[in-house]
Amino acid sequence: KNEALLSARINHPNVATLYQFMEVDERDYLVMEYVHGYNLEKILKQRPELPVKAIAQILLQLAEGLQHAHTKGIIHRDIKPGNIMINHEGYVKLMDFGIARLEASARMTKMHHVIGTTHYLAPELLQGASPSVASDLYAVGMVGYEMLYGQLPFNGKSDATLVTEILQKTPSFSLKYNSADALKLNRIIKNLLQKNPAKRYA
């Protein structure tokens, strides 16, 4: 119901469209746009390192769709490759607003109980801060890093180790190739992954 209420506020070509919400036999159903393509998680498994221009196009479209949600006061909270669909024409569709929340609403989570996928969570969320535009942008940066480097910067074997790495370690930004486009993209991703949310893009 939360996803339906928030998704109904969003109308953007880079966000999967919600057509209807209904209840049948005491079960709730969402009727969503069918996206003919694959999610980014599957694409990265088949092709771990994408061309720089393709990465830039995906991030740009993701940012456009996310900005629209943010202007409506909606924080996604679970941006990751599995929630980013790319159709056969190359259009990006951001999916799954199931744990999204309104920026001005009361917190849905208790202190130290964080909702989201750990690898993509901003450090401040792990320390009990409220979800924000900045924490969504951190997740975009993490998706960008994964596309550019073919892996995530932190890979702790347990949740506790992973959280410690996210809070204390700095990602490695040593590119294998030094084209002008790759260096520009690297700078953008580096900014998005700043541990201090105030230092990320606004």
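Up top is the structure these notes are about.
Residues numbered from 1 in each chain as written. Predicted model: local features only at pLDDT ≥ 70, side-chain atom pairs only at ≥ 80, totals over all residues. Heavy atoms only, no water.

Draft legend 1. Quick look at the packing of aromatic side chains. Under the criterion given, the structure shown has two aromatic pairs. Centroid distance Tyr-145 to Phe-173: 5.7 Å. Interplanar angle 80 degrees. Geometry classified as edge-to-face. Here Tyr-145, found in helix H5 (residues 133–149), pairs with Phe-173, found in the loop between helix H6 (159–168) and helix H7 (180–192); they are 28 residues apart in sequence, far enough to count as distant. Under the relative-accessibility criterion, Tyr-145 is labelled buried at 4%. (Phe/Tyr/Trp six-rings, centres within 6.5 Å; stacked < 30°, edge-to-face > 60°. Helix = DSSP H or I, 4+ residues; strand = E, 2+ residues; numbered from the N terminus. Buried < 20%, exposed > 50% of the residue type's maximum accessible area, 1.4 Å probe, protein only.)

Draft legend 2. Just the sheet that holds strand E6 (residues 92–94), in detail. One open sheet holds the three strands; their spatial order is E3-E5-E6, and the pairing between them is antiparallel. Pairing within the sheet leaves two strands with one partner each, and these edge strands are strand E3 (37–39) and E6. Averaged over all adjacent pairs, the angle separating strand axes in this sheet is 25 degrees, with direction ignored. Packed onto the sheet, helix H3 (residues 52–71) meets strand E5 (84–87) and E6 and runs at close to 40 degrees relative to E6. (Pairing = 2+ DSSP bridges. Axes fitted to C-alpha atoms, helices over the stretch in contact; angles between N-to-C directions. Contact = heavy atoms within 4.5 Å.)

Draft legend 3. Geometry of the nonpolar core. By size, the foremost hydrophobic cluster in this structure holds 47 residues, and its most contacted members are Leu-40, Leu-50, Ile-79, Ile-84, Met-147 and Leu-148. Elements with a contribution of two residues or more to this core: helix H2 (40–46), H3, E5, E6, helix H4 (123–126), H5, H6 and H7. With 10 residues, the top contributor of residues to this core is H5. Leaving out residues up to four positions away in the same chain, Ile-84 has contacts with Tyr-38, Asn-39, Leu-40, Leu-62, Ile-79, Val-92, Lys-93, Leu-94 and Val-143. (Core = buried A, V, L, I, M, F, W, Y, C linked by side-chain atoms within 4.5 Å.)

Draft legend 4. Local environment of the pairing of strand E2 (residues 27–32). Taken together, the six bridges between strand E1 (residues 18–24) and E2 define a ladder with antiparallel strand orientation. Bridge pairing in E2 links Gln-20 to Val-31. Where E1 folds back on E2, the antiparallel hairpin that results is connected by two residues, among which Asp-25 adopts a positive phi of roughly 50 degrees.

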